[in-house]
Amino acid sequence: MNSLERVMRTVTGEETDRPAFTLLLSLYGARLTSCPTDIYFSRPKSYAEGQFAVREKFRPDLLFSPFALTSIGEAFGSEVKYFSNYAPNIKNPAVKNAPEFMSMDLPDVDSNPQLAFIRDSVRIMAAKYMNEVPVVGAIPCPADIPPLVMGIDQWMECLVFDEKTAGQIMEKCCDFFIRFGNALLEDGAKIIAFPGMFVNPEIIPSKKIADFIIPFLKSSFSQIKGPIVFHHGGNRLEPYIGMFIELPNIVGFAMDSRDSLREARKKAGESYVLMGNIDGPTLSEQTPGHTQKLCMDILKDRENDRKFIFASSAADIPWNTPEENIMAICDCVRNYRRS
């Protein structure tokens, strides 16, 4: 059974030879290929070669498009800063306020250089692994695009005090999300995944999410021509998962390391894939033995869950994570057999 078969059978709840697994090693590919991050996150061939190295060394069942969501902000005109051992970050937003955002044109998904980097990376990876390893296209949730373009404070102020303008901005972001998401699927991505920070009640009031944001998500998700995974975005998701289980085309939820997978399964029901939930950003601080124990505890907890994919939670696994810590997870999952 290859990775594509393993993942697809997990999505449908069928028996697999072992649990599917993936680790967010988008950045780590730069380390494996000794590629400077400014080149790695701007040249499709360099990024793809990093992911080929990830696949060769660790054999995850899913690979990711560039998990540098700041590239979306850059596509809108924001200035990005590169770091030697970290993913890039927004240095200066493209605009200063909501009215300036409204005056902007959307970046063209077919010609914008930053979007071309992401799309071409997916094309190269999909061409190599089309019938073997699914590629996940990662893009921001529509509600998470404005902070990349106008800054967090300005977006929060708009949401709270100017819902009419916030709605107009959401319409623009949903239009972009639909176009870019479908473009990635056409390029060969099998799944679209989005981190949802500004749709989480730990950031935005539940009523605002339910009454204002979710209607936009329903409309945009219904127009995506493939399956979608809802990523926790750095906050707990399990307490609020019930808010999102009826969204169109959602096939799974990537959970935070602090979430209870058992409780998440109770609340989500049996229809959805659950992914997680070992904390990726702290793997650099662990020992291989402790990492393997954490992995085994999660696998035992999900012993009878046919719709579970073991995955790292939160952001990228850090550059300085010892390879043996990552390999401890890979060996644990690959050797695990359900009783």
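Residues numbered from 1 in each chain as written. Predicted model: local features only at pLDDT ≥ 70, side-chain atom pairs only at ≥ 80, totals over all residues. Heavy atoms only, no water.

1. Focus on the side chain of Thr37
Move 1: Note on placement: Thr37 falls in helix α3 (residues 37–40).
Move 2: Note on Thr37: relative accessible area 4%, which makes it buried.
Move 3: Those residues in contact with Thr37, other than ones at most four positions away along the chain, are Leu27, Tyr82, Phe83, Ser84, Tyr86 and Trp319. (Helix = DSSP H or I, 4+ residues; strand = E, 2+ residues; numbered from the N terminus. Buried < 20%, exposed > 50% of the residue type's maximum accessible area, 1.4 Å probe, protein only. Contact = heavy atoms within 4.5 Å.)

2. Some words on the nonpolar core
Among soluble globular proteins, nonpolar side chains are generally buried collectively.
Move 1: One finds Trp155, Phe180, Ile213, Ile250, Phe253 and Phe310 to be the most contacted residues of the largest nonpolar core, which totals 96 residues.
Move 2: The element best represented in this core is helix α10 (residues 163–187), accounting for 10 residues.
Move 3: Sequence-distant contacts of Phe310, that is, excluding residues within four places in its chain, are made with Ala20, Phe21, Thr22, Gly276, Ile278, Cys295, Ile298, Leu299, Ile329 and Val333.
Move 4: Ile191, Val229, Ala254 and Val273 belong to the second-largest nonpolar core, a separate cluster that totals 16 residues. (Core = buried A, V, L, I, M, F, W, Y, C linked by side-chain atoms within 4.5 Å.)

3. A look at the packing of aromatic side chains
Move 1: By the definition in use, this model includes 19 aromatic pairs.
Move 2: Centre to centre, the rings of Phe41 and Tyr47 are 6.3 Å apart; their planes meet at 40 degrees, and the pair counts as tilted. Judged on exposure class, the residue Phe41 and its partner Tyr47 are both buried.
Move 3: By the ring-pair criterion, three or more aromatic residues cluster together here, those being Phe177, Phe194, Phe221, Phe230, Phe244, Phe253 and Tyr272.
Move 4: Above the face of the Phe212 ring, Lys208 is positioned so that its terminal group lies 5.5 Å from the ring centre. (Phe/Tyr/Trp six-rings, centres within 6.5 Å; stacked < 30°, edge-to-face > 60°. Lys NZ or Arg CZ within 6 Å of the ring centre and 35° of its normal.)

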